[in-house]
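# Structural overview
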Amino acid sequence: MAFLRALKKTGRFIIDFIEYRVASVFLLLLFTALFVQVVMRYVFNNPSPELFEISRYSFIWIIFLGAPLARRFGAHMKFNVIYDMVSRKLQIVFDLIFNAFFTVMLFVTFFPIWDDIVFYRMIRSNVLKIPWSYLLFCFPLFLILMIIHNLIWIYKDTRELITVKKSANEEEPWD
Amino acid sequence: MGLALFFIVFLGAFALGFPIAFAMVMGGFTYFITAGVGLGSFMDVMAIELSGKDVLMAVPMFIFAANLMNDTDVTDIIFGFVKQSMGGVRGGLAYTNIATSIIFAGMSGSEIADVSGIGAIEIKAMMDDGYDGEFASAVTCASATISPIIPPSIPMVIYAMLTGASLGYLFLAGIIPGLLIALLEAGMVYYLSKKRGYPKGKKYPFKVLLKSFRRSFAALLAPIMLLVGIYGGIFTPTEAAAVLVGYVLLISIIVYKKMSFKKFKKIIMKTVYSVGFISFMIAAALIVKYVLAREEIPLLITNFFIDSGMLDSRFLLLLSTNIMFFLLGMFFDVSVIQLVVIPIMLPLVEAVGIDLVHFGVITTVNLMLALDTPPYGQTGYITSALSKTPVSKVFGEMLRYFIPIEILGLILITYFPDIVLWLPRIFGYAG
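Residues numbered from 1 in each chain as written. Chains lettered and ligands numbered in written order. Predicted model: local features only at pLDDT ≥ 70, side-chain atom pairs only at ≥ 80, totals over all residues. Heavy atoms only, no water.

## Some remarks on the overall build of chain A
What counts is decided by this rule: Comment: elements are numbered from the N terminus, with helices defined as DSSP H or I runs of at least four residues and strands as E runs of at least two. The quantity called the radius of gyration is restricted to C-alpha atoms. Its globule counterpart is 2.2 Å times the number of residues to the power 0.38. Relative accessible area decides the class of each residue, using a 1.4 Å probe on protein chains only: under 20% of the type maximum gives buried, over 50% gives exposed, and in between gives partly exposed. We call two residues contacting when some pair of their heavy atoms lies within 4.5 Å. Working definition of accessibility: Shrake-Rupley area with a 1.4 Å probe, residue cover restricted to the visible protein chains. Positive charges come from Lys and Arg, negative ones from Asp and Glu, while His and the chain ends are left out of the count. A charge is said to be at NZ when it belongs to Lys, at CZ for Arg, at CG for Asp and at CD for Glu.
On a plain count of helices and strands, chain A comes out with 5 helices and 0 strands. For chain A, the N- to C-terminal ordering of α and β elements is α-α-α-α-α. A compact globule built from 175 residues would reach a C-alpha radius of gyration of about 16 Å, whereas chain A, at 20 Å, exceeds it by more than 25%. Of all 175 residues assigned to chain A, the portion counted as buried reaches 47%. Counted over contacts in chain A with a minimum sequence separation of 6, partners at least 24 positions apart contribute 72%. Summing over all exposed atoms, chain A offers an accessible surface of approximately 9,600 Å²; the carbon and sulfur share of this is 69%. With 19 positive and 14 negative side-chain charges, chain A shows a spacing of 4 Å between the two charge centroids.

## Describing the environment of F59(A)
Relative to the assigned elements, F59(A) resides in helix α2 (residues 49-72). Classification of F59(A) by relative accessible area gives buried; the value is 2%. For F59(A) and E160(A), which are 101 residues apart along the polypeptide, the C-alpha to C-alpha distance reads 37 Å. Discounting chain neighbours no more than four positions away, the residues touching F59(A) are L30(A), L50(B), L56(B), M57(B) and P60(B).

## Concerning the side chain of E122(B)
All names here are of chain B. Using the following cut-off: In the sections that follow, a salt bridge refers to a side-chain nitrogen of Lys or Arg positioned within 4 Å of a carboxyl oxygen of Asp or Glu.
As for its placement among the helices and strands, E122 is situated in helix α7 (residues 111-128). For the buried E122, no salt bridge exists, and the shortest N-O distance to an oppositely charged side chain is 12 Å, to K83. Ignoring anything within four residues of it in the chain, the contact list for E122 reads F79, N97, T100, S101 and T140.

## Quick word on the layout of surface pockets
All names here are of chain B. The line we're drawing: A 1.4 Å probe that fits into a set of points on a 1 Å grid over the protein atoms alone but cannot get out defines a cavity; an open set with protein on both sides within 12 Å along at least five of seven lines defines a pocket, and lining residues are those with an atom within 4 Å of a point. Grid points are joined across faces, edges and corners, and a volume is the space filled by probe spheres set on the points. Residues are grouped as follows: Ala, Val, Leu, Ile, Met, Phe, Trp, Tyr, Cys and Pro are nonpolar; Asp, Glu, Lys and Arg are charged; all remaining types, including Gly, are polar.
Estimates place the volume of the largest pocket at around 1,400 Å³. What lines the largest pocket is a set of 46 residues, and nearest its centre among them are I112, S116, F277, Q378 and I382. Contributions of two or more residues to the lining of the largest pocket are made by α4 (58-71), α7, α9 (154-163), α13 (261-294), α16 (334-352) and α18 (378-387). Considering every element that reaches the lining of the largest pocket, the biggest residue donor is α7, with 8 residues. Split by residue class, the lining of the largest pocket holds 27 nonpolar, 12 polar and 7 charged.

## Focus on a positive patch on the surface
For the record, the criterion: Candidate patch residues must exceed 30% relative accessible area and have no salt bridge, after which like charges are joined if within 9 Å and Val, Leu, Ile, Met, Phe, Trp or Tyr side chains if within 5 Å.
On the surface, R21(A), K262(B), K265(B) and K266(B) cluster together to form a positively charged patch. Broken down by element, the positive patch gets its largest block of residues, 3 residues, from α13(B). Mapped onto the secondary structure, K265(B) falls in helix α13.

## Re the nonpolar core
Soluble globular proteins: nonpolar side chains tend toward being buried together. Rules: Throughout, nonpolar core names a set of buried Ala, Val, Leu, Ile, Met, Phe, Trp, Tyr and Cys residues whose side chains join them through atoms within 4.5 Å.
Membership of the largest hydrophobic core comes to 211 residues, with the highest contact counts inside it found for F64(A), F42(B) and F402(B). For F402(B), the residues in contact, after removing those within four places along its chain, are F135(B), A138(B), V139(B), A142(B), E185(B), M188(B), V189(B), L192(B) and E397(B).

## Some words on the packing of helix α19 (residues 391-415) of chain B against helix α20 (residues 417-426) of chain B
All names here are of chain B. Convention followed: Axis lines are fitted to C-alpha atoms, over the contacting stretch for helices. Their N-to-C directions set the angle, which ranges from 0 to 180 degrees.
Put simply, α19 and α20 touch, their axes get as near as 4 Å, and they point 65° apart. Here L412, I413, T414 and Y415 of α19 lie close against α20, whose contacting residues are P417, I419 and V420. Looking at the contact of α19 with α20 residue by residue, the class counts come to 6 nonpolar, 1 polar and no charged.

## So, the confidence of the model for chain B
Residue and element names in this part refer to chain B. For clarity, the threshold we go by: Note on scores: pLDDT gives the predictor's confidence for each residue, bounded by 0 and 100.
With 100% of its residues at a pLDDT of at least 70, chain B reaches an overall mean of 88. Per-element mean pLDDT across chain B ranges from 80 in helix α14 (residues 297-308) up to 95 in α20. Predicted as a complex, the structure gets a pTM of 0.86 and an ipTM equal to 0.92.

## Some thoughts on unusual backbone geometry
All names here are of chain B. In this chain, P151 is followed by P152 through a cis amide linkage whose omega measures -5°. Mapped onto the fold, P152 is located in the loop between α8 (133-144) and α9. With phi around 65°, D73 is a residue other than glycine that occupies positive phi space. Mapped onto the elements, D73 comes out in the loop between α4 and α5 (74-85).

## Details of the packing of aromatic side chains
Residues and elements named next belong to chain B. Test applied: Stacked, edge-to-face and tilted labels apply to pairs of Phe, Tyr and Trp rings (six-membered ring for Trp) whose centres lie within 6.5 Å, assigned for plane angles under 30 degrees, over 60, and everything in between, in that order.
Summed over the entire model, instances satisfying the criterion amount to 41 aromatic pairs over all chains. Between the aromatic rings of F6 and F10, the centroid separation amounts to 5.8 Å while the plane-to-plane angle is 35°, which identifies the pairing as tilted. Note that F6 and F10 are positioned in helix α1 (residues 2-15) at a spacing of 4 residues, about one turn of the helix. Like F10, F6 is buried.

## Here we look at the pattern of salt bridges
Residue and element names in this part refer to chain B. Taken as a whole and assessed by the stated rule, the structure comprises 13 salt bridges over all chains. Where D71 meets K270, a salt bridge forms, and the shortest distance between an N and an O atom there is 3.2 Å. Of this pair, D71 sits in helix α4 while K270 is found in helix α13, placing the two residues 199 residues apart along the sequence. On the basis of relative accessibility, which here comes to 19%, the residue K270 falls in the buried class. In this structure, D73 engages K258 in a salt bridge whose closest nitrogen and oxygen atoms are separated by 3.5 Å. Taken together, the residues span a long stretch of sequence, with D73 in the loop between α4 and α5 and K258 in the loop between α12 (237-255) and α13 at a distance of 185 residues. We classify D73 as partly exposed; its relative accessible area is 26%.

## Brief notes about the interface of chain A and chain B
A common measure of how large an interface is: the accessible area buried when the components associate. The cut-off we apply is this: Throughout, buried area stands for the accessible area (probe radius 1.4 Å) lost by two parts on being put together, summed over both.
Facing 58 residues of chain A, the contacting portion of chain B comprises 61 residues. Of the roughly 5,700 Å² buried at the junction of chain A and chain B (both faces included), carbon and sulfur atoms supply 82%. Inspection of the region where chain A meets chain B yields 2 salt bridges. Residues D54(B) and R56(A) are paired through a salt bridge, measuring 3.2 Å at the closest nitrogen-oxygen approach. The leading source of residues in the side of chain A that touches chain B is helix α1 (residues 2-42) of chain A, at 15 residues. Classifying every residue of the side of chain A that touches chain B gives 43 nonpolar, 7 polar and 8 charged.

Structural data, given as structure tokens:
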């Protein structure tokens, strides 16, 4: 039991670190790169291709780390009109079916993506010469984080379906 | 077979309340499996192709700027100044609501950011002053429509990415239509204020106004700085978003002294979270775009319209496009419509010779209008919660008074292209 608790705590720490801290660093990096680029071009008349590349890859890292964070808090946009008309039990059944399908899809997709990531070690970015496998590593990371959050949702929904007790939502990420 | 399965899974998951972005990805997965496309294509389309859409980098920055303004009370300061300026006028707070949205529109690119940020302040002030909840909510919804029409604008960023239209000219093209809609809304406020006898605001002496102007000057400078920067050739529209973040950050620390490290951390977190679901939707929609392009759907639709002779009438095409966008907007999210429908419509629009900047403004205005209409009108739900007014009353007020006025604005913008293209042409647009 103590081992499981420690495992859960460590897992949560790692996920928090990736989704909060790492994503925040990339947001600041994107802002800094775009801002400094203006200064470089307008003040020094010397636009920097390095900064451009940093901004381009920071952007995709923010998206693919931000998407699992939004998933964790159920923030992704939904079309609720039909969903709100059915009973809570049926809503859970819908959620379970789609979450299961989506999780299997992410799992099946992971392996070919990983093969591509391994292959992309040979290709380097134009300016900074960083292997693509590092620049695109956010994508397999996104798949893993999404699988984890989906499984947690499946667990919560199943528990609610059996016990009729709704799981408490997590606190907002900034609280 | 693959395409049919794609639509069944995508629309099925979508209709039954699964997140829209995930429904798109799941539909794409089914298509990839049945059509024999390698699953590695997910990364090629969603990450590699997305990283090439440089203009989209503006989206996280505009969200960042809006969060900074809302959380450091910059919006509050602007609202305070406009409110004092409108003192003594019947329905003054309703005009304040519209005028503040115009200023906020010059700094934020999102209708939802307007409603949920400054909208909360506006509704509270109006209700405290004796306005009824449905009117306060409806004015807030209507005025927020202006936010993505006047530059900067997130929907215009997405449109530019999809069509290749110049973002700089699109931004310019939005200014007059945005002001026109604001003017029409102000006309409706004038009519309703007189009819219902809404209160006159307190009149402030010139000295107080001057003091308030001085206090809000730094914030009011932001939209001007953006326009001068973009059209003075100092920065691109994408970089403008980062400059705006830098500027708002600077004034919130130095001028207004409203920033702390804790607050900054919270704002960054909020931004990552919002970018997570807003920008991911764009990444997921690229999958839909890929499937539709691979099946040559845009070409099929264009050929259908050419064969049917509908392309002979530009008037009819614009009318049917507007009706289609409006109806879709009642049920679907703005970004979904943009990302799925615009790539299909694009060859059609080009075939008829409709100017892409003009069409961009038409679709933006139309989709913003859709955000105010039931059953999917998100702004109605947000303002209803803020004012604690039944959502049916909010939508009722919108449908009776403000939607017709906005439709009138849309018709003018659609059939008098000079309203849209006059300003870009002054700055050298050849369209």
